[in-house]
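Here is what each chain is made of, one letter per residue.
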Amino acid sequence: QVQLVESGGGLVQAGGSLRLSCAASGIIFSINTMGWYRQAPGKQRELVATITFGGSTNYADSVKGRFTISRDNAKNTVWLQMNSLKPEDTAVYYCNADVRAVFRTPSWEYWGQGTQVTVSL
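Residues numbered from 1 in each chain as written. Predicted model: local features only at pLDDT ≥ 70, side-chain atom pairs only at ≥ 80, totals over all residues. Heavy atoms only, no water.

(A) Representation of the side chain of R71 in the model. Locating R71 in the fold gives a position in strand 7 (residues 67-72). Of the side chains bearing the opposite charge, D72 lies closest to the buried R71, which forms no salt bridge; the N-O distance is 7.9 Å. For R71, the side chain forms a polar contact with the main-chain oxygen of I51, separated by 3.2 Å. At 3.2 Å, the side chain of R71 forms a polar contact with the backbone oxygen of T52. Not counting chain neighbours up to four residues away, the residues in contact with R71 comprise I31, N32, T33, M34, I51, T52, F53, T77, V78 and W79. (Helix = DSSP H or I, 4+ residues; strand = E, 2+ residues; numbered from the N terminus. Buried < 20%, exposed > 50% of the residue type's maximum accessible area, 1.4 Å probe, protein only. Lys, Arg positive; Asp, Glu negative; His and termini not counted. Salt bridge = Lys/Arg side-chain N within 4 Å of Asp/Glu carboxyl O. Polar contact = N/O pair within 3.5 Å; in protein donor to acceptor, adjacent residues only side chain to side chain. Contact = heavy atoms within 4.5 Å.)

(B) Expanded view of the sheet that holds strand 8 (residues 77-82). Read from one edge of the open sheet, 4 strands run 1-3-8-7, paired in antiparallel fashion. With one partner strand each, in any of the chains shown, strand 1 (2-7) and strand 7 form the two edges of the open sheet. Shown here is a sheet whose adjacent strand axes are inclined to one another by a mean of 15 degrees, direction ignored. Pairing between strand 7 and strand 8: 6 bridges, direction antiparallel. Across the sheet, R71 pairs through a bridge with V78, a residue of strand 8. (Pairing = 2+ DSSP bridges. Axes fitted to C-alpha atoms, helices over the stretch in contact; angles between N-to-C directions.)

(C) Molecular detail of the pattern of salt bridges. In total, this model carries 4 salt bridges according to the counting rule given. The residue D89 makes a salt bridge to R38 at a minimum N-O spacing of 3.0 Å. Within this pair, whereas D89 is found in the loop between strand 8 and strand 9 (91-100), its partner R38 is found in strand 4 (residues 30-39), the two being separated by 51 residues in sequence. Since its relative accessible area comes to 1%, D89 is described here as buried. Take R38: its relative accessible area is 7%, and that puts it in the buried class. Members of the salt-bridge network, linked through shared partners, are R38, E46, R66 and D89.

(D) Layout of the nonpolar core. Membership of the largest hydrophobic core comes to 31 residues, with the highest contact counts inside it found for W36, L80, M82 and Y93. Of all elements in the fold, only strand 1, strand 3 (18-26), strand 4, strand 5 (46-51), strand 7, strand 8, strand 9 and strand 11 (115-120) reach the threshold of two or more residues within this core. At 5 residues, strand 9 tops the list of elements feeding residues into this core. Contact partners of Y93, with chain neighbours within four places excluded, come to E6, L20, W36, Y37, R38, V48, F67, L80, M82, G114, T115 and V117. (Core = buried A, V, L, I, M, F, W, Y, C linked by side-chain atoms within 4.5 Å.)

Structure representation (structure tokens):
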């Protein structure tokens with residue numbers, strides 16, 4: 001099994017910064033895409049940013065220029081640096097990883113437990 005453990009959420013004032021971390025552990029041969037999603041109260045979960053094993057990134061339009069996703073393949077860890085935070089960024093942030101446990105077997109998608117980010121005025 002694979003576990004994703006997130007950390008770094010919290011309460012911050014508008015304009016401030018937070019850095020989220022997510023470490024994957026367990027039986028891991030390789031991790032393809034890793035990413036961050038978020039879900040605000042009463043809304044559907046949405047993509048924030050993704051990064052491939054090779055480092056290609058993709059961002060939601062709402063966070064472009066403010067958030068930066070990065071990863072360390074050797075440590076099976078992904079980060080989300082969030083700058084210039086806005087109240088509308090308030091949500092539970094979830095880590096996601098597409099993990100292959102054994103060479104030449106299908107990969108599976110895993111989710112973290114979520115970490116709360118609250119941005120106040």
